[in-house]
Amino acid sequence: MKKSVISAAVAALALGVAFAAPAKAAGVSACLITKTDTNPFFVKMKEGATAKAKELGVTLKSYAGKIDGDSESQVAAIESCIADGAKGILIAASDTKGIVPSVKKARDAGMLVIALDTPLEPADAADATFATDNLLAGKLVGQWAKETLGDKAKDAKIGFLDLTPSQPSVDVLRDQGFMIGFGIDPKDPNKIGDETDPRIVGHDVTNGNEEGGRKAMENLLQKDSSINVIHTINEPAAVGAYQALKAVGLEKQVLIVSIDGGCPGVKSVTEGVIGATAQQYPLMMASLGVEAIKKFADSGEKPKPTEGKSFFDTGVSLVTDKPVSGVKSIDTKEGLGKCWG
């Protein structure tokens, strides 16, 4: 998988979506709609889509919300893609339930819609999903945290730094996966916050960024300053949590785990900010998505899920420099070599 630098110019639209100039003028056009255009995860996703579109001669337009959770801009982007006559849409949805009527409108117009990273609710609202197994990613960091704590796990004080109040599927899957991996009964597998395990101090939302991570960590510390485990939705939120902990001298008390595996996140593992992270591969998701739209345009063929799963699994690896027995992992040197390919 080639890594390329985004060469498309970016300009702001009135509705707050980011628009990139076409990768290449051609008969087949596609749209990429991400949650934001600032989170490194989605920057890399856009890089992969742009490079593959240029390679295949597909005209690509890219859109993004103002912040994680900005579904209105994503709805507006879908409307623009329909009006432009695009053959397909790749979308990492902020509101996995609320976006479904707009997705249906696109599919009714004959477009192929592929969910990237975040399954829609219901998942079959999209033609296909290209994603990490987010439940498995959560399980891996949960198992690692449990084994790292050893006997202390039974008395852990755990906080969850989640994404948004709407509880998109990616947020729920990662949370529930962590709980299962740590040995906590998650109760309703489709809901965050209904669990009753006394080890859980609470949940707060971060919008997937550093500032949100800082504020959420501060809020949880007010509930219980003895917190010693933090599960974060992504690495920017993890860095924010660490900053909040360091400000009050508690950074060595808390074990932080996360999910994404971006190059900055892997470096945070190297530096001891994050204990372990589950690495996913957004460039691959987006590249494969563009390939699928081109194939659909040429032949009408739709992508198929990985055998035994309801989605196309793009893989996950636990990254840590402190491996534990029974949990397969790679070190940060390998993680940096693979980050977001």
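In what follows, the structure referred to is the one given above.
Reading guide: rules and limits
- Residues numbered from 1 in each chain as written.
- Predicted model: local features only at pLDDT ≥ 70, side-chain atom pairs only at ≥ 80, totals over all residues.
- Heavy atoms only, no water.
- Disulfide = S-S within 2.5 Å.
- Helix = DSSP H or I, 4+ residues; strand = E, 2+ residues; numbered from the N terminus.
- Buried < 20%, exposed > 50% of the residue type's maximum accessible area, 1.4 Å probe, protein only.
- Pairing = 2+ DSSP bridges.
- Right-handed = clockwise from strand over helix to strand, strands pointing away.

1. What about the state of the cysteines?
Link 1 in the chain: Applying the stated criterion across every chain yields a total of two disulfides.
Link 2 in the chain: Linked covalently through their sulfurs, C31 and C81 form a disulfide whose S-S length is 2.3 Å. Taking the sign of the torsion about the S-S bond as the criterion, the disulfide between C31 and C81, at about -125°, is left-handed. Here C31, found in strand β3 (residues 28–34), pairs with C81, found in helix α2 (residues 71–84); they are 50 residues apart in sequence, far enough to count as distant.
Link 3 in the chain: Across a sulfur-sulfur distance of 1.8 Å, C263 and C339 are joined as a disulfide pair. Judged by the torsion about the S-S bond (80°), the C263/C339 disulfide is right-handed. Here C263, found in helix α8 (residues 263–270), pairs with C339, found in the segment after α10 (332–338); they are 76 residues apart in sequence, far enough to count as distant.
Link 4 in the chain: Since its relative accessible area comes to 1%, C339 is described here as buried.
Link 5 in the chain: Across the chain, the way the bonded cysteines pair up, counted in sequence order, is 1-2, 3-4.

2. Side note on the pairing of strand β4 (residues 58–64)
Link 1 in the chain: Most of β4 is tucked away: six of the seven residues are buried.
Link 2 in the chain: Inspection of the sheet shows β3 paired to β4 by seven bridges, in the parallel sense. Following the sheet pairing, L32 is matched in β4 by S62.
Link 3 in the chain: Crossover β3 to β4 through helix α1 (residues 40–56) is right-handed.

3. Details of unusual backbone geometry
Link 1 in the chain: Here the amide bond leading from E121 into P122 is cis, since omega sits at 5°, within 30 degrees of zero.
Link 2 in the chain: The topology assignment puts P122 in the loop between β6 (112–116) and β7 (128–131).
Link 3 in the chain: In this structure, D117 is a non-glycine residue whose phi angle is positive, near 70°.
Link 4 in the chain: Of note, D117 is situated in the loop between β6 and β7.
Link 5 in the chain: D117 sits in the buried class, given a relative accessible area of 3%.
Link 6 in the chain: Positive phi, normally seen in glycine, also occurs at D260, with a value near 150°.
Link 7 in the chain: Turning to its location among the elements, D260 is positioned in strand β11 (residues 255–260).
Link 8 in the chain: On the basis of relative accessibility, which here comes to 4%, the residue D260 falls in the buried class.

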